[in-house]
Amino acid sequence: MTQSGATPEFSVRGAVDLSSLNRPTAPPPGEPGGAPDAKGFTVDLTEETFPSVVAQSAQVPVVAVLWLPTDAESAQLATTLGTLAGLYEGRFLLARIDVEAWPRIAAAFQVQDYPTTIGLIAQQPVPLFAGNHDASAIQGVLDQFLAAAQANGVTGTLALDAADAAAAQLEPAEEPLPPLHQEAYDAIEQGDFEAAIAAYSKALREDPRDTFASAGLAQVSLLHRTGQRDQQSVRAQAEQSPADVEAQLAVADLDVLQGQVEEAFSRLIDLIRETSGDERDVVRKRLVEYFEILGNEDPRVPAARLSLANALY
């Protein structure tokens, strides 16, 4: 291992599929029976604070546990790791990453299941172990990890006060949202999608280059379209009427909402090839909305853009 390297790149959205897992649950952190709250030598990461902790691994080794806080196995592991972090008296920082709340961090580490524990030394990931284990086994792995850190010149330690200060510094000050964005957010919180659409639309009229408003408008429009629809009837109608553009758009909306993105892209690109004029333009615009929702960093988007261009021309 060398000290050269860079922060892992976010590669896809949603690398960990939690929908099919049925495992024992635990109370949330801080409640009896759950993992302890993040304090001392333990911090909970977000996408904003993740780069700071990666950078910090150049001075102090970092042990990152990718977990689901209310999963019983994850909670047991996080409890054990938190106890060990205290016993090692600051020789490493324990960073907890909620894979459901921050799936792109899990994607950066190419993690497909949880809990998984990964070390960081000088900004380089070091696989440690998957699943939960007893404290003595984990301690043996930690000893090897810290020896590797020392061999690479990463020998810093955290004082308890310094660890608490570092955790506080990791929490970024929240920037206030622009007024129209806040208006849209408040409307979404109240379930008023029409008001949110109006706020985002007004923001785009004021600044057509407002990419956050554009993505927000696409997302809330999708929620508004699908909110009152019965899934079974929508899918049945699409199957019975393959040439019905509105029926195909409706089922594509459901596919995107349920994470079946490739199916939605394929359906609408096929529809582009079979339509013309205004109908074709309606389908094209819906695809562009999906691209806005997913973002260009999603690897499925550039491929779909190319397929769309081929279908159009």
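Everything that follows concerns the structure shown earlier in this document.
Each chain carries its own residue numbering, running from 1 in the direction its sequence is written. Thresholds applied to this predicted model are a pLDDT of at least 70 for local features of residues and 80 or more for the giving and counting of side-chain atom pairs; totals over whole chains, interfaces and linings are not thresholded and use all residues. Only hydrogens and water are removed before side-chain values are computed, so all heavy atoms of the structure are retained for them.

Engineer: Would you explain the packing of helix α2 (residues 72–87) against helix α4 (residues 135–151) in this entry?
Structural biologist: Pairs of packed helices are described in terms of their axes, by the angle between the two and the distance that separates them. One can describe the packing of α2 onto α4 by two numbers: an axis separation of 11 Å at closest approach and a directional angle of 55°. By the angle class used here, α2 and α4 are oblique. At the point where α2 passes α4, the crossing takes the right-handed sense. Counted together, Leu77, Thr80, Leu81 and Leu84 of α2 and Ala135, Ile138, Gln139 and Leu142 of α4 form the full contact between these two elements. Under the scheme applied here, ten amino acids are nonpolar (Ala, Val, Leu, Ile, Met, Phe, Trp, Tyr, Cys and Pro), four are charged (Asp, Glu, Lys and Arg), and all others, including Gly, are polar. Grouping the constituent residues of the contact of α2 with α4 by class yields six nonpolar, two polar and no charged. Axes here refer to lines fitted to C-alpha atoms; in helices the fit is confined to the stretch in contact. Angles between the N-to-C directions go from 0 to 180 degrees. Helix numbering and strand numbering both begin at the N terminus, where a helix is a DSSP run of H or I of at least 4 residues and a strand a DSSP run of E of at least 2. For this classification, under 35 degrees means roughly parallel, over 145 means roughly antiparallel, 65 to 115 means roughly perpendicular, and everything else is oblique. Throughout, a crossing is termed right-handed when the near helix is turned clockwise from the far one, and left-handed when it is turned anticlockwise from it by less than a right angle. Here a residue-residue contact requires only that any non-hydrogen atoms of the pair lie within 4.5 Å.

Engineer: Is there a simple way to think about the pairing of strand β2 (residues 62–67) in this case?
Structural biologist: Two faces belong to every sheet, and in a regular strand the side chains alternate between them. Burial analysis of β2 places six of its six residues in the buried class, the great majority of the element. Think of it in three bands: residues with accessible area under 20% of the maximum for their type are buried, residues over 50% are exposed, and the middle band is partly exposed, with areas taken using a 1.4 Å probe on protein chains only. Neither face of β2 is open: one carries Val62, Ala64 and Leu66, the other Val63, Val65 and Trp67, and all of them are buried. If DSSP finds at least two bridges between two strands, the strands pair. As paired elements, β2 and strand β3 (residues 93–98) share six bridges and run parallel to each other. Bridge pairing links valine 63 to leucine 94 in β3. Traced from β2 through α2 to β3, the parallel crossover comes out right-handed. Taken together, the five bridges between β2 and strand β4 (residues 116–121) define a ladder with antiparallel strand orientation. The residue bridging valine 65 from the neighbouring strand is threonine 117, located in β4. Think of it like this: strands point away, you trace from the first strand over the helix to the second, and a clockwise trace means the crossover is right-handed.

Engineer: Looking at this model, I keep getting lost on helix α6 (residues 179–189). Mind explaining?
Structural biologist: Leu180, His181, Ala184 and Ala187 are the residues of α6 that are buried. Buried residues of α6 fall within an arc of 125° about the axis and therefore sit on the same side. For α6, exposure combined with an orientation more than 90 degrees from the buried face picks out Pro179 and Glu189. On its buried face, α6 sits against α7 (193–206) and α8 (211–226). Following α6 by one or two positions, glycine 191 has its phi on the positive side, about 75°. For this quantity, the arc is that covered by the directions from the helix axis to the C-beta atoms.

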